[in-house]
Amino acid sequence: MAKRKRLTPANPAFLEPAPEVKSALGAPMRAAPIADVAREASASAAAEELAQTLAEAREKGRMVIEVPLEAVKLDHLVRDRVAVQDDDTQALKDSLRARGQKTPVELVQIGEGRYGLISGWRRCMALRALQAETNEARFGTVLGLLRQPEDSADAYQSMVEENEIRVGLSYFERARIVAKSVEAGVFETDRDALQALFQSASRPKRSKIGSFIALVRGLEGALRFPEMIGERLGLSLSRALGEDPELAVQIAATLAEEAPESAEAEQEILSRFLAPAPVVPSPKPPEAAEPAAKVANPKPDPVKPQAIVGGLSLSHEEGRLVLEGRLVDDKLKARLITWLRQNF
């Protein structure tokens, strides 16, 4: 039987590639250890997970983002605040200048690199003023939280809720946002808007806000200091406007003519239209005939007309009462006759 040959390992020298092959291929590559591959794969997965987490946090409003102030559309919603007091604005500017923006605004993405403002209008306006005054880059951006409101009603609710919590709105401003949201088609009726925007308010408070809507729709463009109108005056005016829709035209004309320079002066004008109806004295019984010499004396000069309300003045003399002015018309005559019949 033939003897089997034993195979021995080849000479390592024969396993080496030729010098020219080495030169073409470069140094031989060493296979990566399994631990290195696993570590790289784990790091890549962690990075992807972190990126996904950050993107989700950003989209759901859990991460503060910094955006250029010029990329924010401040009038994305009809603002509920009519005016901001100078003292409040200055205090906010001083705080932003000293400590920076501490509370983010609320934004909604409306396009590539564009954002609509939901809440934080005062902060944005203060930042804009500081940038204009100082030209510092730090005031050219705003910190915000990205929101995804379900619809316009949700966005309006967010805006109102923040202002109710931070700086309370006046009754006029509350009623104005109700009226504007209905005009914009966000809500079908005033009642729907009141219930949605001020759902946390008591029923009496919502009722008062609703009463101011007549004042908003009747005099918004004519008033210079609407946010300063107090509860009592506003409710009285709204009631008067409801009883006499033409009264709004008369008030607006008087405000335009007198052009009040302060809230106090404007409210004084408004109060004139709420003055009670003038009291007409009852006629005196006839007196005995005067002596001839006295009758011959000339009549005394009539009393100078006295202003009662804007556009209406009153003058009187013995046995005679005269109402004059642009408010004197058939409607006033009918109201006066009705009043006289009820009181005499």
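Described below are features of the structure shown in this document. None of the values given here were measured: they were computed from a predicted structure.

With that settled, the discussion passes to the packing of aromatic side chains. Evaluation of the coordinates by the stated rule reveals 1 aromatic pair. Plain terms: the ring middles of Tyr171 and Phe212 are 5.5 Å apart, the flat faces sit at 20° to each other, and that makes the pair stacked. With Tyr171 in helix 7 (residues 171-183) and Phe212 in helix 9 (residues 203-219), the pair connects residues that are 41 residues apart, well separated along the chain. Owing to a relative accessible area of 16%, Tyr171 belongs among the buried residues under this scheme. You can call Phe212 buried: its relative accessible area is 0%.

Right, let's talk about helix 7 for a bit. For helix 7, with 13 residues, the first-to-last C-alpha span of 18 Å sits near the 18 Å given by 1.5 Å per residue. Within helix 7, 11 of the 13 residues are buried, leaving the element largely enclosed by the surrounding structure. If you check which residues of helix 7 are buried, you get Tyr171, Phe172, Glu173, Arg174, Ala175, Arg176, Ile177, Val178, Ala179, Ser181 and Val182. Downstream of helix 7 by one or two residues, Gly185 has phi in the positive range, about 85°.

Scanning the entire structure with this criterion turns up 13 salt bridges. With a closest N to O distance of 2.5 Å, Glu133 and Lys93 form a salt bridge. Here Glu133 is found in helix 5 (residues 121-134), whereas its partner Lys93 is found in helix 4 (residues 86-99), with 40 residues between them in sequence. Glu258 is the salt-bridge partner of Arg272, the closest N and O atoms lying 2.7 Å from each other.

Moving on: the side chain of Gln101. Counting through the fold element by element, Gln101 comes out in the loop between helix 4 and strand 3 (105-111). For Gln101, a relative accessible area of 14% translates into the label buried. Only 3.0 Å separates the side chain of Gln101 from the backbone oxygen of Thr103, close enough to count as a polar contact. At 2.9 Å, the side chain of Gln101 and the backbone oxygen of Leu143 are in polar contact. In this structure, Gln101 is in contact with Leu96, Leu127, Val142 and Leu143, ignoring residues within four places of it in sequence.

Counted at 1.5 Å a residue, the expected span for helix 5 with its 14 residues is 20 Å, and the 20 Å between its end C-alpha atoms agrees. Among the residues trailing helix 5, Asn135 stands out with phi positive, at a value near 60°.

What counts, and at which threshold
- Residues numbered from 1 in each chain as written.
- Predicted model: local features only at pLDDT ≥ 70, side-chain atom pairs only at ≥ 80, totals over all residues.
- Heavy atoms only, no water.
- Phe/Tyr/Trp six-rings, centres within 6.5 Å; stacked < 30°, edge-to-face > 60°.
- Helix = DSSP H or I, 4+ residues; strand = E, 2+ residues; numbered from the N terminus.
- Buried < 20%, exposed > 50% of the residue type's maximum accessible area, 1.4 Å probe, protein only.
- Expected span 1.5 Å × (residues − 1).
- Salt bridge = Lys/Arg side-chain N within 4 Å of Asp/Glu carboxyl O.
- Polar contact = N/O pair within 3.5 Å; in protein donor to acceptor, adjacent residues only side chain to side chain.
- Contact = heavy atoms within 4.5 Å.

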